[in-house]
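Structural description and commentary
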Amino acid sequence: MARTITTTKRGYTGPTRSHADQREYREWVDQHGRLWEGDIEKKSGDFCGLPPKPKGWAPPFDEWLPPANILRCGRNYVVIEEDGTRRSLASEEMFIDYAPWKANAVQALQEWQELLFDLGSKMSGDAWDPKNPTPQVLARIGRKPMPMEPILAMEQGNRYALGLTATVDERLRPYFPVKFVAPVLDFSDADFTETATPSVAVKRGRGRPRTAAVPFEE
């Protein structure tokens, strides 16, 4: 059984807003040995202000940085070890809760695929091929969400996925994020010609200039 985490606090456990004198700087070490830094509210121990950020390390890609809403720290959390024993998080300890991250990844991919099929079938009709979507469809739905594999690699302690080594793990290369470049859509009418009429600015006293059409001279 993998390590999990639960909370003893009911209700919202996200970032807390507070005055500067109620905050303090804190550093944490996550379950992979990576250092994080940020501010907490002294009374509750919850994150406040900006979310914690890596200190002395960086993920291979920005998309692979764990989102703030899965970072757990403070006395309100209890770690359930692999053997079933429970213990409270230490003040300098952070736990990355992979379960909701994986669930969100599955949902995001499912919603993207549903949108891809829906728009593709509407825009392409009988010519729709899910394995080869048209540029027009991709321009509407955007880049494919982050796949599950990098998250699993992090959870399993893969050093490259965790940003602990620059040596690329070739097993993860197929899941590298691809920069999304919106395709150039051509809306021109090849058989349509139009006589252009240039315009020049004409001063009209105070205020903005107006434009006036000037016929071509033949």
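Residues numbered from 1 in each chain as written. Predicted model: local features only at pLDDT ≥ 70, side-chain atom pairs only at ≥ 80, totals over all residues. Heavy atoms only, no water.

Another point: the overall build of the protein chain. When helices and strands are counted, the protein chain shows three helices and 10 strands. If you list the helices and strands of the protein chain from N to C, you get β-β-β-β-β-β-β-β-α-α-α-β-β. Sorting the 218 residues of the protein chain into buried and exposed places 31% on the buried side. For the protein chain, the proportion of contacts with a sequence separation of at least 24, taken over those separated by at least 6, is 55%. Accessible surface, the protein chain: about 15000 Å² in total, of which carbon and sulfur atoms supply 52%. (Helix = DSSP H or I, 4+ residues; strand = E, 2+ residues; numbered from the N terminus. Buried < 20%, exposed > 50% of the residue type's maximum accessible area, 1.4 Å probe, protein only. Contact = heavy atoms within 4.5 Å. Areas by Shrake-Rupley, 256 points an atom, 1.4 Å probe, with all protein chains shown as cover.)

Judged by pairing direction, the sheet is antiparallel, and its three strands sit side by side in the order β2-β3-β4 without closing on themselves. In this open sheet, the two edge strands, each paired with only one partner strand, are β2 (23-29) and β4 (47-54). For this sheet, the mean angle separating the axes of adjacent strands, direction not counted, is 15 degrees. The pairing of β2 with strand β3 (residues 35-41) spans seven bridges and is antiparallel. (Pairing = 2+ DSSP bridges. Axes fitted to C-alpha atoms, helices over the stretch in contact; angles between N-to-C directions.)

Summarising the element assignment, Ala103 is placed in helix α1 (residues 98-124). For Ala103, a relative accessible area of 46% puts it in the partly exposed group.

Right, let's get into the packing of aromatic side chains. For the structure on display, the rule yields seven aromatic pairs. Each residue in the set Phe61, Trp64, Tyr160 and Phe176 is aromatic and connected to the rest through ring pairs, giving one cluster. Positioned above the aromatic ring of Trp57 is the side chain of Arg34, whose terminal nitrogen or guanidinium carbon lies 4.2 Å from the ring centre. (Phe/Tyr/Trp six-rings, centres within 6.5 Å; stacked < 30°, edge-to-face > 60°. Lys NZ or Arg CZ within 6 Å of the ring centre and 35° of its normal.)

Okay, the nonpolar core next. Of all hydrophobic cores here, the largest spans 23 residues; its most connected members are Trp64 and Met154. Elements represented by at least two residues in this core include exactly β3, β5 (71-73), β8 (94-96), α1 and α3 (148-155). Ranked by size, the runner-up nonpolar core spans six residues in total, among them Trp112, Leu119, Trp128 and Ile141. (Core = buried A, V, L, I, M, F, W, Y, C linked by side-chain atoms within 4.5 Å.)

The subject of this paragraph is the side chain of His32. Turning to its location among the elements, His32 is positioned in the loop between β2 and β3. Of the polar contacts made by the side chain of His32, one reaches the side chain of Tyr98; its length is 2.8 Å. His32 has contacts with Ile96, Tyr98, Met154, Glu155, Gly157, Leu162 and Leu164, leaving out every residue within four places of it along the chain. (Polar contact = N/O pair within 3.5 Å; in protein donor to acceptor, adjacent residues only side chain to side chain.)

Checked against the element boundaries, Asp97 lands in the loop between β8 and α1. For Asp97, the side chain forms a polar contact with the side chain of Arg72, separated by 3.4 Å.

As a further point, take the pattern of salt bridges. On inspection of all chains with the given rule, the structure shows 11 salt bridges. Of the charged contacts, one joins Glu24 and Arg26 as a salt bridge, the two residues approaching to 2.5 Å between their closest N and O atoms. Residue Glu24 is classed as partly exposed on the basis of its relative accessible area, which comes to 30%. Arg173 serves as the salt-bridge partner of Glu170, at 2.7 Å between the closest nitrogen and oxygen. Taking the relative accessible area as the measure of exposure, Arg173 reaches 41% and is therefore partly exposed. Each of Glu81, Arg87 and Glu93 takes part in a single network of salt bridges with overlapping partners. (Salt bridge = Lys/Arg side-chain N within 4 Å of Asp/Glu carboxyl O.)

Another aspect to go through is α1. For α1, which comprises 27 residues, the first-to-last C-alpha distance of 38 Å matches the rise-based estimate of 39 Å (1.5 Å per residue) to within 8%. When α1 is considered as a whole, its buried residues turn out to be Tyr98, Trp101, Ala105, Trp112, Leu116, Leu119, Gly120 and Ser124. Along its buried surface, α1 packs onto β8, α2 (135-141) and α3. In the stretch just after α1, Gly125 is the one whose phi turns positive, near 65 degrees. (Expected span 1.5 Å × (residues − 1).)

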